[in-house]
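Structural overview
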Amino acid sequence: MADDSPASHRRDPIKSSVGNVAAQRRRQNAVTVGKERRESLVRAKRLCRVGPSGDGDVPGEENDMVTDEEGFLLDAQTSSAVEDLKSAIAYQGKGAMQKRVNALRELRRLLSKSEFPPVEAALKAGAIPLLVQCLSFGSPDEQLLEAAWCLTNIAAGKPEETKALLPALPLLIAHLGEKSSLPVAEQCAWALGNVAGEGEELRNVLLSQGALPPLARMMLPNKGSTVRTAAWALSNLIKGPDPKAATELIKVDGLLDAILRHLRKSDEELATEVAWVVVYLSALSNFATSVLVKSDAILLVVERLATSNSLQLLIPVLRSLGNLVAGDSHTTSTVLIPGHEITDGVIKVLVKCLKSDHRVLKKEASWVLSNIAAGSIEHKQLIYSSEAVPLLLRLLSTAPFDIRKEVAYVLGNLCVTPTGGDGKPNLIEEHLVSIVQRGCLSGFIDLVRSADIEAARLGLQFMELVLRGMPNGDGPKLVEQEDGIDAMEIYQFHENEDLRNMANGLVDKYFGENYGIDE
């Protein structure tokens, strides 16, 4: 079977032995996105305070924090509500259905009351089997909706609480079908999205039980709230690390057209959720990436980047763009053709992100540029002649470390062409001289001094370019002026053999084998 996962190398890095990694970064970003930003925790699981149709009698501004005394009371009320539900289910007399709905509504109200709902109390009282019973086919929609809502908020809890939903999953998936009312289907999708957000183990359970196709079909109509919930649930379901689900999703009939339609026409909230689906599709599956690249996806994400100021939307559309242009050189060269309108648009929106006050946008934009800069000579010249370079030079000296590292990749890739037979990259002297004269060398030497192995290697590689490539033999003098020799000598006895050999080799070659020993 062909390997569908992304390749594990950055296109034409400043030294071919560096294996870090456009496509690998795509996958890494997708899998570890939850560790990068606090808001991603909100993305993974969501408490339902107001139902899909906008109803709900729990005010959104209610105090989220509860005191210990209030917590004990809430737990007691929840245990009592579960007992009432048990009695209502057992009751077969007149008004039995309304009695069940009222009991479910009270339990749902308690589970929606605070940011940390009394899930443990509900589970200890035996809520899950009762809620599963209330999801049985033939039950009235009001009952189904309330039961699914309770399960949604239980699934938003701790890992062991989310796993308690395992007996309910087949029915939640079954109620995604076309025979279900939209509010019920959407509430079930929300519950499943919370389960999928818990981790790979539960995602695999959902995939094996067939959750993906019905969720995908929920994205096909133009019903905003339903599509938004389905897209969010799908982004949780396909987020890897296995690319199989992403590949399966893009193959669903009509799904690609729906994604493009929603990106083109939808409000920002819906477009944000759809863009996250594109993030994971393009991060995990080469097949999905090729399908998206051949469509209008890049054009649409560029348009969104150009016109939106919503950070919630800009992050996923920028990351989508980065993933789509981080494929193989052929893909990038086919899509980003210098002189074409879309290519000019890409550079403009990346410049916009570099100017942003948001560090995530600066970092992601730098990563995208690093992969374009690793392309053809024309791509390098396109960036070199743009407004991006002065912004990058400033970021290299002023930005937080993780952004500086991404920026260094851009600047380094602008200065080299593919490696020659000796394994060393060929220089673009005009670019190298220009950015060194504009003060970038100290920024690269700072990276050499860092504890980050990847950044240190990148800094040493750039110093090698300067030592070898600056005209009139000026490289060693420039490096010495910026205390580069001291920076390299940190690695004289370093445990990392690659860095030790690189640094010692440069000192020996350009400053004499015995440099510094007499001192």
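Report on the accompanying structure.

Cut-offs applied
Residues numbered from 1 in each chain as written. Predicted model: local features only at pLDDT ≥ 70, side-chain atom pairs only at ≥ 80, totals over all residues. Heavy atoms only, no water. Helix = DSSP H or I, 4+ residues; strand = E, 2+ residues; numbered from the N terminus. Buried < 20%, exposed > 50% of the residue type's maximum accessible area, 1.4 Å probe, protein only. Polar contact = N/O pair within 3.5 Å; in protein donor to acceptor, adjacent residues only side chain to side chain. Salt bridge = Lys/Arg side-chain N within 4 Å of Asp/Glu carboxyl O. Core = buried A, V, L, I, M, F, W, Y, C linked by side-chain atoms within 4.5 Å. Contact = heavy atoms within 4.5 Å. Patch = residues over 30% accessible without salt bridge, like charges linked within 9 Å, V, L, I, M, F, W, Y side chains within 5 Å. Areas by Shrake-Rupley, 256 points an atom, 1.4 Å probe, with all protein chains shown as cover. Lys, Arg positive; Asp, Glu negative; His and termini not counted. Charge placed at Lys NZ, Arg CZ, Asp CG, Glu CD.

Our next topic: the environment of Ser 386. Note that Ser 386 resides in the loop between helix 23 (377-384) and helix 24 (388-398). On the basis of relative accessibility, which here comes to 16%, the residue Ser 386 falls in the buried class. Residues Ser 386 and Val 351, 35 residues apart in the sequence, show an inter-C-alpha distance of 8.6 Å. Within the structure, Ser 386 has its side chain in polar contact with the backbone oxygen of Ile 383 (distance 2.7 Å).

With that out of the way, let us pick up the pattern of salt bridges. Taken as a whole and judged by the stated rule, the model has 20 salt bridges. Lys 124 is paired through a salt bridge with Glu 120; the nearest N and O atoms lie 3.2 Å apart. Pair noted here: Lys 124 and Glu 120 are both in helix 5 (residues 119-124), with a separation of four residues, about one helical turn. Here Lys 124 falls in the exposed class, since its relative accessible area comes to 68%. Within the structure, one salt-bridge network assembled from shared partners comprises Arg 105, Arg 108, Glu 142 and Glu 146.

One broad trend across soluble globular proteins is that nonpolar side chains are buried collectively. Membership of the largest hydrophobic core comes to 170 residues, with the highest contact counts inside it found for Leu 131, Leu 172, Leu 281, Leu 321 and Phe 462. The element best represented in this core is helix 16 (residues 268-284), accounting for twelve residues. Apart from residues no more than four positions distant in its own chain, Leu 321 is found in contact with Ile 298, Val 301, Val 302, Leu 305, Val 346, Val 349, Leu 350 and Val 368.

A separate point is a negative patch on the surface. Taken together, the side chains of Asp 446, Glu 480, Glu 482, Asp 483 and Asp 486 make up a negatively charged region of the molecular surface. In this structure, Glu 480 sits in helix 29 (residues 475-481). Owing to a relative accessible area of 43%, Glu 480 belongs among the partly exposed residues under this scheme.

Everything listed is a geometric property; what it means functionally is a separate question.
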